[in-house]
Amino acid sequence: MTTSAKTPEAVTEAVTTAVPGAIPAVVRARVPVTLSRVRGRSADLVTFHHLPDPGEHFAVLVPADPADPAPPLVRLHSECLTGDVLGSARCDCGPQLDEALRAVADHGGAVLYLRQEGRGIGLYNKLDTYVLQSQDHDTFAANRMIGRGDDERDYAAAAAMLHALGLNRIRLLTNNPDKVRELRAHGIEITEVIPTGVYVTAENSRYLSAKAELAGHTIALLQEAAA
């Protein structure tokens, strides 16, 4: 059901989340918008009530072909202003977002845009860690040096969003095993894990190596691409 952003009280039927005792997340509004980065298709931007954290997370939802039996494709994308908006070469976030938007345009599904800048530490802290990374510290060590965790994200809100959308059985586009584990722990059935592309540059090769070697991300690094 499409609702106006001015009438958030008009919500879809609640779908129980996997968190015992939690108020079920429900859709607040669906706003159809034509998006050039979704191959010019109209997609619904979906907002929510009762998510388990205060972030203004939203979903970009593209309907699948009703004749396609495959579960919808889903990408959990953590906000990265520097990469998504400014095109920073220090990470692979912008290319991953573009890849995910193209994929859901082609196959149907959702990109959940999660307001978890800097693996949950925030924009200013992330930029502080860039200074330390420039001094030859890896991305995780830099977080610890400013008193933050290696990765402060969790995916309870993402699971609640999927439950509210009725996307309880999905194919997941990710290289991050934490996303797979947490979604399954919150009652989301993942039928297939599809790795994202590898977008290596001279500036992000060490960052990607740290994610692969220290956090277990399934990234097949092409070292020659960073040469």
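Draft legend 1. Looking closely at the overall build of the protein. Looking only at helices and strands, the protein features 7 helices and 7 strands. Each helix (α) and strand (β) of the protein, taken in turn from the N terminus, gives the series β-β-β-β-α-α-β-α-α-α-β-α-β-α. Burial analysis of the protein (227 residues in total) assigns 46% to the buried set. Considering only contacts within the protein whose residues lie at least 6 apart along the sequence, 59% involve residues at least 24 apart. Accessible surface, the protein: about 10900 Å² in total, of which carbon and sulfur atoms supply 54%.

Draft legend 2. Inspection of helix 6 (residues 177-185) at higher detail. Residues of helix 6 that are buried include every one of Lys179, Val180 and Leu183, and no others. Burial along helix 6 is one-sided: seen end-on, the buried residues are contained in an arc of 100°. In helix 6, the exposed positions that point more than 90 degrees away from the buried face belong to Arg181 and Ala185. The elements touched by buried residues of helix 6 are strand 4 (73-78), helix 5 (156-165), strand 6 (169-173) and strand 7 (189-194). Two residues or fewer past helix 6, Gly187 is found with a positive phi of approximately 90°.

Draft legend 3. The arrangement of helix 2 (residues 93-107) in detail. The first and last C-alpha atoms of helix 2 sit 21 Å apart over 15 residues, in line with the 21 Å expected at 1.5 Å per residue. Listed as buried for helix 2 are Cys93, Gly94, Gln96, Leu97, Glu99, Ala100, Leu101, Ala103, Val104 and Ala105. One or two positions beyond helix 2, positive phi appears at Gly108, with a value near 85°.

Draft legend 4. Region of interest: the sheet that holds strand 7. Overall, mixed pairing links the 7 strands, which are arranged 1-2-3-5-4-6-7 in an open sheet. Two strands close off the open sheet at either side, each with one partner strand: strand 1 (26-35) and strand 7. For this sheet, the mean inter-axis angle between neighbouring strands, taken without regard to orientation, is 25°. Summarising the sheet, strand 3 (residues 58-62) and strand 5 (residues 109-114) pair through 5 bridges and their orientation is antiparallel.

Draft legend 5. Representation of the environment of Tyr155 within the structure. Structurally, Tyr155 can be placed in the loop between helix 4 (139-145) and helix 5. Taking relative accessible area as the criterion, Tyr155 reaches 2% and is therefore assigned buried. Considering only alpha carbons, one finds Tyr155 and Asp53, 102 residues apart in sequence, at a separation of 10.0 Å. Those residues in contact with Tyr155 that lie beyond four places of it in its chain are Leu76, Leu114, Gln116, Asn176, Asp178, Lys179, Glu182, Leu183 and His186. Within polar-contact distance, the side chain of Tyr155 engages the side chain of Arg153 at 3.2 Å.

Draft legend 6. View of the nonpolar core. Counting residues in each nonpolar core, the largest one holds 27 residues, and the members touching the most others are Phe48, Leu76, Leu112, Ile170 and Leu183. Mapped by element, the contributors of at least two residues to this core are strand 2 (41-49), strand 3, strand 4, strand 5, helix 5, strand 6 and helix 6. Counting residues per element, this core draws most heavily on helix 5, at 7 residues. Filtering out sequence-adjacent residues up to four positions away, Leu112 remains in contact with Phe58, Ala59, Arg75, Leu76, His77, Ala158, Met161 and Leu162.

About the criteria used
Residues numbered from 1 in each chain as written. Predicted model: local features only at pLDDT ≥ 70, side-chain atom pairs only at ≥ 80, totals over all residues. Heavy atoms only, no water. Helix = DSSP H or I, 4+ residues; strand = E, 2+ residues; numbered from the N terminus. Buried < 20%, exposed > 50% of the residue type's maximum accessible area, 1.4 Å probe, protein only. Contact = heavy atoms within 4.5 Å. Areas by Shrake-Rupley, 256 points an atom, 1.4 Å probe, with all protein chains shown as cover. Arc of directions from axis to C-beta. Expected span 1.5 Å × (residues − 1). Pairing = 2+ DSSP bridges. Axes fitted to C-alpha atoms, helices over the stretch in contact; angles between N-to-C directions. Polar contact = N/O pair within 3.5 Å; in protein donor to acceptor, adjacent residues only side chain to side chain. Core = buried A, V, L, I, M, F, W, Y, C linked by side-chain atoms within 4.5 Å.

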